[in-house]
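# A structural walkthrough
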Amino acid sequence: MTNNNRANFGSKIGVILASAGSAVGLGNIWRFPYETGNHGGAAFILIYLACVLVLGIPIMVSEFLIGRRSQANTAGAYQKLAPRTHWRWVGRMGVLAGFLILGYYSVVAGWTLEFIIEAASGSFVGKTAADYISSFTTFSTNPWRPLVWLVLFLLSTHFIIARGVEKGIEKSAKIMMPMLFILLLILAVCSLSLPGAGTGVEFLLKPEWEKVNASVFLGAMGQAFFSLSLGMGCLCTYASYFKPDTNLTKTAFSVSLIDTFVAILAGLIIFPAAFSVGIQPDAGPSLIFITLPNVFQQAFSGVPLLAYVSSVLFYVLLAVAALTSTISLHEVVTAYLHEEFQLSRKRAASLVTGGCIFLGILCSLSLGVGKEYTLFGLTLFDLFDFVTAKIMLPLGGLFIALFTGWYLDKKIVREEVSNKGTLKMPFYKLLIFILKFIAPIAIALIFIKELGFLKL
Ligand code: TRP
């Protein structure tokens, strides 16, 4: 079933860096610390790790094998593997989810550019806590400024996508991912060297089990999905560019390990710094845009140069992480339009970029001038976040597990996992058991709970 004309990732390391680039993003550096802060620290992290191991890795293997076997975009994949069935809707829902996520994710990604400029021009210096709040609110509700950054961010994504799989996606990941690791390590060392950093580390390492309830468990599962880019065919699309000799299980382990490592490292940057200056870690979504600039200024108040460098580096890091993720979201939709509607890759990419700029502008304006236009009591920005992360991703993950566990011929599954019998499969039985039973039941539970049908 290999199609010789189809684009491929050129190297094994390229496969891992591009997939890890998709997984590592605002989800790790912005959402993970804030969720950990809200859910009481170490216990949340341990449950999160269990979710990555038990649910994330099997579903990732599943997306990989669907993508590589079909050699098609995610909607085309189900049409090839399950012709004339309704499974194709799983793929189509994934494409739609990708488009919607990209619409609001790019808004936040655009903010990181504004913050690089603010940090670099020294405008964080000498502000009070109230100033940070008002300057963030003034910026994010301004009708023009965020739009300029949004468009710039999407154009950068577009430029890389238009260059293709190997020269665009793979090459950019090979440059940006090592840069990201270096920035993370520098910032973690800075943060851990602060006086009082130990309290932050303790918060991350010492579980308080009495704080654990059903919502912590469910929050951790949702975070695992979002952070690992699962549930909408994103890694399925990337896997359609894998070569026949890519070891799917090993790649899923490596990507999950890198993603988790980055999330924990982001925690090691943010919590020691926050505790060191006496800021509570449960500030919520504003943590990195309002609290953190303040944290850097206060934490390094004795060494202004360090305060300056660490805040500039932090927002550069965030922008790079977000870019490798927006690329993967863009690719899902571009590949779909390119292959299903016979458009050239460039034209498909332009349509996606144009559509996303439009959606992004609406989302961005919905935080400011368009605040009063709400649907179900949510602004467009919040609505997109809710519908994708809380409905479409869990539903997609559920169907992906059911598809591989129950529908797909086990001969195909075995051939893909073992690369046609050339690899040993120590975890095969466990993989199938999880995909058949554990994952669908667990995901159905979060899904039902998050929609509020079930009061656990
Ligand atoms: N995982 C990315 C992050 O942590 C975001 C992302 C990229 C994503 N592709 C996705 C989330 C597909 C869900 C599905 O920021």
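Here the structure is shown first, and the text comes after it.
Residues numbered from 1 in each chain as written. Predicted model: local features only at pLDDT ≥ 70, side-chain atom pairs only at ≥ 80, totals over all residues. Heavy atoms only, no water.

### A closer look at the site of the ligand
- Neighbouring the ligand are 16 residues; A23, G27, Y105, F226 and S229 lie closest to it.
- L26 is positioned with one of its backbone polar atoms (N or O) 3.1 Å from an oxygen atom of the ligand.
- One of the side-chain nitrogen or oxygen atoms of Y105 is found 2.5 Å away from an oxygen atom of the ligand.
- Summarising the interface, the protein chains cover 100% of the accessible area of the ligand, which totals 370 Å² for the free molecule.
- For the shell around the ligand, the elements supplying multiple residues, two or more each, are helix 1 (12-23), helix 2 (26-38), helix 10 (214-227) and helix 14 (304-340).
- For the shell around the ligand, the class distribution of residues is 8 nonpolar, 8 polar and no charged. (Near = heavy atom within 4 Å. Polar contact = N/O pair within 3.5 Å; in protein donor to acceptor, adjacent residues only side chain to side chain. Areas by Shrake-Rupley, 256 points an atom, 1.4 Å probe, with all protein chains shown as cover. Helix = DSSP H or I, 4+ residues; strand = E, 2+ residues; numbered from the N terminus. Nonpolar A, V, L, I, M, F, W, Y, C, P; charged D, E, K, R; others polar.)

### Observations concerning the nonpolar core
- Counting residues in hydrophobic clusters, the biggest one holds 167 residues, and the most contacted among them are F9, I66, F289, F314 and Y315.
- The element contributing the most residues to this core is helix 14, with 19 residues. (Core = buried A, V, L, I, M, F, W, Y, C linked by side-chain atoms within 4.5 Å. Buried < 20%, exposed > 50% of the residue type's maximum accessible area, 1.4 Å probe, protein only.)

### Quick look at helix 12 (residues 248-276)
- Taking 1.5 Å of rise per residue, 29 residues should cover 42 Å, and helix 12 covers 42 Å from first to last C-alpha, within 8% of that figure.
- In terms of burial, helix 12 is largely enclosed, as 21 of its 29 residues are buried.
- The distance from a side-chain oxygen at the start of helix 12 to the backbone nitrogen of T249 is 3.3 Å, and the residue carrying that oxygen is N247. (Expected span 1.5 Å × (residues − 1).)

### Remarks on helix 6 (residues 129-141)
- Relative to the 18 Å expected for 13 residues at 1.5 Å per residue, helix 6 spans 19 Å between its end C-alpha atoms, a close match to the ideal helical length.
- Among the residues making up helix 6, those that are buried are Y132, F136, F139 and S140. Angular distribution of buried residues about the axis of helix 6 spans 90°; they occupy a single face of the element. Of the residues in helix 6, the exposed ones pointing more than 90 degrees away from the buried face are A130 and T138.
- Lining the buried residues of helix 6 we find helix 5 (88-120), helix 7 (145-162), helix 13 (287-299) and helix 15 (345-365). (Arc of directions from axis to C-beta. Contact = heavy atoms within 4.5 Å.)

### Description of a nonpolar patch on the surface
- Residues L53, V54, F253, W406, F427, L430, F433, F437, I438, I441 and L445 make up a contiguous nonpolar surface patch of about 1000 Å² in total accessible area.
- Of all the secondary structure elements, the ones that give two or more residues to the nonpolar patch are helix 3 (42-70) and helix 18 (428-450).
- Broken down by element, the residue count for the nonpolar patch peaks at 6 residues, all from helix 18.
- Mapping L445 onto the fold places it in helix 18. (Patch = residues over 30% accessible without salt bridge, like charges linked within 9 Å, V, L, I, M, F, W, Y side chains within 5 Å. Salt bridge = Lys/Arg side-chain N within 4 Å of Asp/Glu carboxyl O.)

### Overview of the pattern of salt bridges
- Counted under the stated rule, the structure contains 10 salt bridges.
- The partner of E114 in a salt bridge is R145, with the nearest N and O atoms 2.9 Å apart. Residue E114 is found in helix 5, and its partner R145 is found in helix 7; the two are separated by 31 residues along the sequence.
- What makes E114 buried here is its relative accessible area of 3%.
- For R145, a relative accessible area of 42% translates into the label partly exposed.
- We note a salt bridge from E202 to K206, for which the minimum N-O separation is 3.9 Å.
- Accessibility expressed as a relative area gives 45% for E202, which makes it partly exposed.
- Owing to a relative accessible area of 53%, K206 belongs among the exposed residues under this scheme.

### Quick notes on the packing of aromatic side chains
- For the structure on display, the rule yields 33 aromatic pairs.
- Between F115 and F139, the ring centres sit 6.4 Å apart and the planes meet at 75°, which makes this aromatic pair edge-to-face. Here F115, found in helix 5, pairs with F139, found in helix 6; they are 24 residues apart in sequence, far enough to count as distant. In this structure, F115 and F139 share a single accessibility class: buried.
- Aromatic pair F433 and F437: ring centres 5.4 Å apart, planes at 50°, arrangement tilted. Placement of both F433 and F437 in helix 18 is noted, with a separation of 4 residues, approximately one turn of the helix.
- Grouping aromatic residues by their ring pairs yields a cluster made of Y104, W111, F115, F124, Y132, F136, F139, F289, F314, Y315 and F381.
- Across from the ring centre of F226, 5.6 Å away, lies the NZ or CZ of R31, which sits over that ring. (Phe/Tyr/Trp six-rings, centres within 6.5 Å; stacked < 30°, edge-to-face > 60°. Lys NZ or Arg CZ within 6 Å of the ring centre and 35° of its normal.)

### Some words on the packing of helix 15 against helix 16 (residues 380-407)
- Their axes nearest at 7 Å, the elements helix 15 and helix 16 cross at an angle of 115°. Facing helix 15, whose interface residues are L359, L362 and C363, helix 16 presents L380, F381 and F384.
- Residues belonging to the contact of helix 15 with helix 16 are distributed by class as follows: 6 nonpolar, no polar and no charged. (Axes fitted to C-alpha atoms, helices over the stretch in contact; angles between N-to-C directions.)

### A look at the side chain of E416
- As for its placement among the helices and strands, E416 is situated in helix 17 (residues 410-417).
- Looking at E416, the relative accessible area reads 5%, which means it is buried.
- At a separation of 2.8 Å, a polar atom in the side chain of E416 contacts the side chain of R68.
- Sequence-distant contacts of E416, that is, excluding residues within four places in its chain, are made with L65, R68, R69 and L248.

### Quick notes on the side chain of S191
- By the secondary structure assignment, S191 is in helix 8 (residues 165-192).
- Taking the relative accessible area as the measure of exposure, S191 reaches 3% and is therefore buried.
- At a separation of 3.4 Å, a polar atom in the side chain of S191 contacts the main-chain amide nitrogen of A273.
- Dropping the residues within four chain positions of it, S191 is found in contact with A197, L268, I269, P272 and A273.

### Structural notes on the environment of G94
- Mapping G94 onto the fold places it in helix 5.
- In this structure G94 comes out as buried when scored by relative accessible area, which is 2%.

### Let's talk about the environment of Q79
- Positionally, Q79 belongs in helix 4 (residues 74-81).
- Given a relative accessible area of 30%, Q79 falls into the partly exposed group.
- Between the C-alpha atom of Q79 and that of Q298, which follows or precedes it by 219 residues, the distance is 56 Å.

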